[in-house]
Every structure is written in structure tokens, then in C-alpha cells.
Amino acid sequence: MKVYRELFKVKSEGLHPTFHDVTKQVKEVLEKSGVQNGICVVYSHHTTCSVMTQECSHDYTYFGLEYLQQDLCNIMEKLIPTCRVEHQYMHPGEKHIEFAYTVGDPPHVSLNTDAHLRSVFFGRSETIVVMNGKLDLGQFGYVYFIDWDQVRAREREVQVQIIGE
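Anyway, here's the lowdown on the structure attached to this text.

**Some words on the sheet that holds strand β4 (residues 49-55)**
Turning to step 1, where the next piece is worked out: Pairing is antiparallel in the open sheet, where 3 strands are placed in the order β2-β7-β4. The open sheet has two edge strands with one neighbour each: β2 (18-21) and β4. With direction set aside, neighbouring strand axes in the sheet form an average angle of 30°.

Structure follows, in C-alpha cells:
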């Protein structure tokens, strides 16, 4: 059995959730791995990000989100409103803000509770079956890395691990 791991980076925009279509990069990692049959795990260690497989809707909003992505954001805004002011959510508390100062983050960076909660709903990884050297995504499947954190633009890391033969 073979295990192959690779990382790549994406740049989130900030000010709104950022959806990254990482399907092409994941397929390239799979090809480099040489695995023909097994599983491919796409993972985020960032606690405000998610990974999901979904259909590409091919239509875009004025701000560049696919229609399905905008629909998802609209639903999440109703379920978990974007954090806009202190104490909208219990988190971050006083101790967490103190901790943020010790690692050099300004306190406003912690006003991202909505992103943490949203990532819990969707999870931070997807496992995709590999058959005959291809991702089994179905006819319309794409792999998306979502940064729910709207506080600022930043670079994020996507992890891909492939296990198989």
C-alpha cells in the first residue's frame, strides 16, 4: 500500500466567504501519486475552513460566486449570521482575546465565530474514492475548499493525502 501526501496554497479574499475550486490541483496530486485504486482525502487544518464536493453550477453572481455557492451562503447567513460586532456570539471571550495578543493577532481577528460554526456544519475534509487512477466524483462533481472567515484576506493550505495501490 502506498501513501502520498502533498500540500498547496490558495488565497482567500476576505470580506465574504471564499470558495476555491481545487478539483484540478487535487487531480494533479492524484496523478503524481501513481495510485490507481484507493482513497483521496482533501483536508484543512484551518478551523474556519471546510472541504466539500458539489456540482459546479456554471452561473455566477456579480461578485463571482457560483449560484449554488451563493445559495449556500444565503442559507448559512440565516442559520449562522456573520459576526459583525463584539458579543454577538459568546466566543471570543476575554481569555481567548488575551491569548490572541500573545500570538500577535489583533483582537478583531477573533470576531470570526460564524466561520468556526459554519465549518462544523460542513466539516474540514472530504474522502473521495479513487478508481482506475481517477477521482470518483460522478458526472458533475467538483472539489471545493471554502474559507468561511471573512475577517481578512489570507493564504490557506490545502492538504491532500492519497492512500492505495
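**Notes on a nonpolar patch on the surface**
Turning to step 1, where the next piece is worked out: Where nonpolar side chains cluster on the molecular surface, the patch consists of Ile75, Leu79 and Phe121 and spans about 340 Å² of accessible area.
Turning to step 2, where the next piece is worked out: Counting through the fold element by element, Phe121 comes out in helix α4 (residues 113-122).

**What about α4?**
Turning to step 1, where the next piece is worked out: All of the buried residues in α4 are Thr113, Asp114, Ala115, Arg118 and Ser119.
Turning to step 2, where the next piece is worked out: For α4, the elements touching its buried residues are β4 and α2 (67-79).
Turning to step 3, where the next piece is worked out: Just downstream of α4 lies Gly123, where phi reads positive at about 80°.

**Observations regarding the pairing of strand β8 (residues 154-164)**
Turning to step 1, where the next piece is worked out: Counting buried residues along β8, 8 of its 11 residues qualify, which places the element largely inside the surrounding structure.
Turning to step 2, where the next piece is worked out: Relative to β8, strand β3 (residues 38-43) is paired through 6 bridges, and the arrangement is antiparallel. Its bridge partner lying in β8, Ile39 is registered against Ile163.

**Section: the packing of aromatic side chains**
Turning to step 1, where the next piece is worked out: On inspection of all chains with the given rule, the structure shows 4 aromatic pairs.
Turning to step 2, where the next piece is worked out: Judged by centre distance (5.9 Å) and plane angle (75°), the ring pair of Phe19 and Trp148 falls under edge-to-face. Taken as a pair, Phe19 in strand β2 and Trp148 in the loop between β7 (141-147) and β8 lie far apart in primary sequence, 129 residues in all.
Turning to step 3, where the next piece is worked out: Note on Phe19: relative accessible area 12%, which makes it buried.
Turning to step 4, where the next piece is worked out: Grouping aromatic residues by their ring pairs yields a cluster made of Phe19, Phe122 and Trp148.

**Description of the environment of Leu15**
Turning to step 1, where the next piece is worked out: Considering the arrangement of structural elements, one finds Leu15 in the loop between β1 (2-12) and β2.
Turning to step 2, where the next piece is worked out: Judged by its relative accessible area of 72%, Leu15 is exposed.
Turning to step 3, where the next piece is worked out: Taking C-alpha positions, Leu15 is 9.7 Å from Trp148, a pair spaced 133 residues apart along the chain.

**A look at the nonpolar core**
Turning to step 1, where the next piece is worked out: Of all hydrophobic cores here, the largest spans 20 residues; its most connected members are Val26, Cys40, Val42, Leu135 and Val160.
Turning to step 2, where the next piece is worked out: Secondary structure elements with two or more residues in this core: β1, α1 (23-33), β3, β4, β5 (125-131), β7 and β8.
Turning to step 3, where the next piece is worked out: Filtering out sequence-adjacent residues up to four positions away, Val42 remains in contact with Val26, Val51, Arg124, Ser125, Glu126, Ile128, Val143, Val158 and Gln159.
Turning to step 4, where the next piece is worked out: Among the nonpolar cores identified, the runner-up in size contains 14 residues, and Cys56, Cys73, Ile80 and Cys83 belong to it.

**A closer look at the state of the cysteines**
Turning to step 1, where the next piece is worked out: Using the criterion set out here, one finds 0 disulfides in the structure.
Turning to step 2, where the next piece is worked out: Cysteine Cys73 remains unbridged, with the sulfur of Cys49 as its closest cysteine sulfur at 13 Å.

**Looking at the sheet that holds β8**
Turning to step 1, where the next piece is worked out: A sheet is described by the order of its strands in space; here 5 strands give the open sequence β1-β8-β3-β5-β6, paired in antiparallel fashion. Each having just a single partner strand, β1 and β6 (134-135) make up the two edges of the open sheet.
Turning to step 2, where the next piece is worked out: Note: β3 against β5, 6 bridges, orientation antiparallel. Note on β5: the bridge partner recorded for Tyr43 is Ser125.
Turning to step 3, where the next piece is worked out: Packing of α1 onto the sheet brings it into contact with β1, β3, β5, β6 and β8, and relative to β1 it is tilted by some 155°.

Definitions and limits used
- In every chain, residue numbers begin from 1 and rise along the written sequence.
- Since the coordinates come from a predicted model, pLDDT governs what is reported: local features require at least 70, and pairs of side-chain atoms require 80 or more to be given and counted, while whole-chain, interface and lining totals use all residues.
- Only heavy atoms go into the side-chain values, all of them from the structure, while hydrogens and water stay out.
- Here, a strand pair is defined by DSSP locating no fewer than two bridges between the strands.
- Starting at the N terminus, helices and strands are each numbered in turn, a helix being any DSSP run of H or I of at least four residues and a strand any DSSP run of E of at least two.
- In this analysis an axis means a line fitted to C-alpha atoms, helices contributing only their contacting stretch, and an angle means the value between N-to-C directions, from 0 to 180 degrees.
- Within the patch definition used here, like charges are joined within 9 Å and nonpolar side chains (Val, Leu, Ile, Met, Phe, Trp, Tyr) within 5 Å, considering only residues with over 30% relative accessible area and no salt bridge.
- In this description, accessible areas are obtained by the Shrake-Rupley approach with a 1.4 Å probe, and a residue is regarded as covered only by the protein chains that are shown.
- What makes a salt bridge here is a side-chain nitrogen of Lys or Arg within 4 Å of a carboxyl oxygen of Asp or Glu, nothing more.
- Throughout this description, buried means an accessible area under 20% of the type-specific maximum (1.4 Å probe, protein chains only), exposed means over 50%, and partly exposed covers the range between.
- Throughout, a residue-residue contact means that at least one pair of heavy atoms, one from each residue, lies within 4.5 Å.
- Aromatic rings from Phe, Tyr and Trp, taking only the six-membered ring of Trp, are treated as a pair when their centres fall within 6.5 Å; an angle between ring planes under 30 degrees marks them as stacked, one over 60 as edge-to-face, and anything in between as tilted.
- Residues belong to a common nonpolar core when they are buried Ala, Val, Leu, Ile, Met, Phe, Trp, Tyr or Cys residues joined through side-chain atoms within 4.5 Å.
- Disulfides are defined in this document as cysteine sulfur pairs within 2.5 Å.

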